[in-house]
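Observations on the model geometry
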Amino acid sequence: MFLLRWRRWLVRFIVVLCLKISVCLVVSPARLIDIPGASDTIIQSFGGMQDLPTPLAKFVWCITLFRRLNAINKGELQPHCLLVAKDGKGVVGVAEIGLLPVPPGHKAKVLNTKNSPINAMWRGVSIFDKDAFRNDVPTLANVAVSPRARRLGIGKSMVARAIEIVNDDREYWHRPPYLYARVTDPKVLPFWQQCGFNILTDVPSGAADIRGAVGTWLAISLSSAER
């Protein structure tokens, strides 16, 4: 009898906790005030920077996100969106939508990106590598959730919000038929598939894009997501 009551109370506690988080959770474009929390979330999810202590790595990420957000606001990095998920305690999730090179061997409607320092930093390429700024597609990247808030649907909420943002302003995003993502850890593939993304079967296994990036590429049809 005691065990049965304990299990019931545990279920109730989990349900109340999930409802509380879902009510408090807000997913929206980042503001300058969100940068420290976003930097923390990224470091907690992806690790620090090689040979840098955590406080210095956080400082570097703060500068990086500040420059990126400033470029978005000035129109120097477009189309682009830095998203944050916040609960009652602060930032618990981060995601970005931006233009990145088309998956290798994949035929798609592509765009060209302005060759600039901020675009080079976003892509992780040299500004002198002109080939790395051509044939782009809208891509959802850097999806990170704080360890204290995982397995509560926050990642899915951010993906859903990202799709909504692209669908709500199709002109700004140049009316793309698909939103793409690249995965380097096979363990997270089920997460993306649960969000409606499908693996691109026309991308050769082990192939690298124009930046040299490899992984598993996925895409979701924005027309079907809109329905």
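Rules of the game
Residues numbered from 1 in each chain as written. Predicted model: local features only at pLDDT ≥ 70, side-chain atom pairs only at ≥ 80, totals over all residues. Heavy atoms only, no water. Helix = DSSP H or I, 4+ residues; strand = E, 2+ residues; numbered from the N terminus. Buried < 20%, exposed > 50% of the residue type's maximum accessible area, 1.4 Å probe, protein only. Areas by Shrake-Rupley, 256 points an atom, 1.4 Å probe, with all protein chains shown as cover. Axes fitted to C-alpha atoms, helices over the stretch in contact; angles between N-to-C directions. Parallel < 35°, antiparallel > 145°, perpendicular 65-115°, else oblique. Left-handed = near helix turned anticlockwise from the far one by under 90°. Contact = heavy atoms within 4.5 Å. Salt bridge = Lys/Arg side-chain N within 4 Å of Asp/Glu carboxyl O. Polar contact = N/O pair within 3.5 Å; in protein donor to acceptor, adjacent residues only side chain to side chain. Pairing = 2+ DSSP bridges. Expected span 1.5 Å × (residues − 1).

The next thing to look at is the overall build of the protein. Counting its regular elements, the protein contains seven helices and seven strands. Evaluated residue by residue, the protein yields a buried proportion of 43% over its 227 residues. Only carbon and sulfur atoms are counted for the fraction: they give 57% of the accessible area of the protein, which is about 12,900 Å².

Our focus in this paragraph is the packing of helix α2 (residues 35-46) against helix α3 (residues 54-74). Interaxial distance between α2 and α3 falls to 9 Å at its minimum, and their mutual angle equals 125°. Comparing their axes, α3 and α2 come out oblique. For the crossing formed where α2 meets α3, the hand is right-handed. Contact residues: Ile-35, Pro-36, Ala-38, Ser-39, Asp-40, Ile-42 and Ile-43 in α2; Thr-54, Ala-57, Lys-58, Trp-61, Cys-62, Leu-65, Phe-66 and Leu-69 in α3.

What follows is about the pattern of salt bridges. For the coordinates displayed, the defined rule picks out nine salt bridges. Lys-86 is the salt-bridge partner of Asp-34, the closest N and O atoms lying 3.2 Å from each other. One end of the pair, Asp-34, is in the loop between β1 (26-29) and α2; the other, Lys-86, is in strand β2 (residues 80-87), with 52 residues separating them in the sequence. Per residue, the accessibility class of Asp-34 equals that of Lys-86, and both read buried.

So, about the side chain of Asp-136. Along the chain, Asp-136 falls in strand β4 (residues 136-145). There is a polar contact of 2.4 Å between the side chain of Asp-136 and the side chain of Arg-123. For Asp-136, the contacting residues outside a window of four places in its chain are Leu-99, Leu-100, Pro-101, Val-102, Lys-109, Val-110, Leu-111, Asn-112, Thr-113 and Arg-123.

Reading across from one edge, β1-β2-β3-β4-β5-β7-β6 is the order of the seven strands in this open sheet, with mixed pairing throughout. Edge strands, defined here as strands with exactly one partner in the open sheet, are β1 and β6 (198-199). Sheet topology places β4 next to strand β5 (residues 178-183); two bridges connect them, and they run parallel. Residue pairing for β5: Leu-140 is matched across the bridge by Ala-181. Each of β2, β3 (90-101) and β4 touches α3; the most contacted strand, β2, lies at about 120° to it.

Another point: the environment of Met-158. With respect to the helices and strands, the residue Met-158 is situated in helix α5 (residues 154-168). Take Met-158: its relative accessible area is 0%, and that puts it in the buried class. Residues Met-158 and Glu-96 lie 62 residues apart in sequence; the distance between their C-alpha atoms is 9.6 Å. Ignoring any residue separated from it by four or fewer positions in sequence, one finds Met-158 in contact with Val-27, Leu-83, Ala-85, Gly-93, Val-94, Ala-95, Val-143, Ala-144 and Val-145.

Glancing now at α3. Given a rise of 1.5 Å per residue, 21 residues ought to cover 30 Å, and the 30 Å separating the end C-alpha atoms of α3 matches this to within 8%. Inspection of α3 places Ala-57, Trp-61, Cys-62, Thr-64, Leu-65, Arg-68, Leu-69, Ala-71 and Ile-72 among the buried residues, and these make up the whole buried set. Buried residues in α3 make contact with α2, β2, β3, α4 (117-123) and β4.

Moving on to the pairing of β3. Burial within β3 is extensive, with eleven of its twelve residues counted as buried. Judged from the eight bridges that link them, β2 and β3 form a sheet pairing that is antiparallel. Note that in β3 the partner of His-80 across the bridge is Gly-98. Between β2 and the antiparallel strand that follows it, β3, lie two residues. Judged from the eight bridges that link them, β3 and β4 form a sheet pairing that is antiparallel. Counterpart to Glu-96 in the pairing with β4 is Ala-141.

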